[in-house]
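Listed below are the residues making up each chain.
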Amino acid sequence: MNADNRLLVLATQMKAIQARMEVMEIEWNALTKKYNSIRLKQIPDLMSEEGIRTVTFDGIGRVQLAADLYVSIVGNKEETYDWMKDNGYDGVVVEYVHPSTLKAIIKEGLKAGREFPEDKFKISPFTRASIVKR
């Protein structure tokens, strides 16, 4: 088999896998939505209506409700961090660079001819194939 045929076979496999992954992502998102509806709304509502605190089912296990929170920072993040530091939460306030941001600035810097110290960054270039829709 010549290189063109091998490349066609691999590209066909890649495209099929990519398509399946897209279908799986749609399925995953639908399952996640249904799962969250059951665990965050339907079961808590039913247990509350029936006055049930905990129940055990054979083959499933114990079903119980747990208090939880959604939390986010509103307003100026730096001011909130300052408040946290002033109120004894300084141990959890850390500087952070998101991995995709770090990758982007390193990539941009390398294209511009900049060098980055090897004792501070591990940079591992690689080449990957991609399929672009027509």
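What counts, and where the lines are drawn
Residues numbered from 1 in each chain as written. Predicted model: local features only at pLDDT ≥ 70, side-chain atom pairs only at ≥ 80, totals over all residues. Heavy atoms only, no water. Helix = DSSP H or I, 4+ residues; strand = E, 2+ residues; numbered from the N terminus. Rg over C-alpha atoms; globule rule 2.2 N^0.38 Å. Buried < 20%, exposed > 50% of the residue type's maximum accessible area, 1.4 Å probe, protein only. Contact = heavy atoms within 4.5 Å. Areas by Shrake-Rupley, 256 points an atom, 1.4 Å probe, with all protein chains shown as cover. Lys, Arg positive; Asp, Glu negative; His and termini not counted. Charge placed at Lys NZ, Arg CZ, Asp CG, Glu CD. Expected span 1.5 Å × (residues − 1). Polar contact = N/O pair within 3.5 Å; in protein donor to acceptor, adjacent residues only side chain to side chain. Phe/Tyr/Trp six-rings, centres within 6.5 Å; stacked < 30°, edge-to-face > 60°.

Draft legend 1. Up close: the overall build of the chain. In terms of helices and strands, the chain carries 3 helices and 2 strands. For 134 residues, the compact-globule estimate of 2.2 N^0.38 gives 14 Å, and the C-alpha radius of gyration of the chain, at 25 Å, exceeds that figure by more than 25%. For the C-alpha atoms alone, the extent of the chain along its principal axes is close to 70 × 50 × 30 Å. Across the 134 residues in the chain, those meeting the buried criterion constitute 5%. In the chain, the proportion of contacts linking residues at least 24 apart, taken out of those at least 6 apart, comes to 16%. Of the accessible surface of the chain, which amounts to about 13,100 Å², a share of 57% is contributed by carbon and sulfur atoms. Charge centroids of the chain, computed over 20 positive and 19 negative side chains, lie 10 Å from each other.

Draft legend 2. How the structure looks around helix α1 (residues 3–50). The end-to-end C-alpha distance of α1 is 67 Å, a good match for the 70 Å that 48 residues give at a rise of 1.5 Å each. A side-chain oxygen of the first residue of α1 lies 3.1 Å from the backbone nitrogen of D4; this N-cap is N2. Backbone geometry just after α1 places G51 at a positive phi near 70°.

Draft legend 3. Geometry of the packing of aromatic side chains. Considering all chains together, one arrives at 2 aromatic pairs under this definition. Plain terms: the ring middles of W83 and Y89 are 6.2 Å apart, the flat faces sit at 20° to each other, and that makes the pair stacked. Taking relative accessible area as the criterion, Y89 reaches 44% and is therefore assigned partly exposed. Both rings, one in F116 and one in F121, keep their centres 5.7 Å apart while their planes meet at 80°; by these two values the pair is edge-to-face. For F116, a relative accessible area of 23% translates into the label partly exposed. Note on F121: relative accessible area 28%, which makes it partly exposed.

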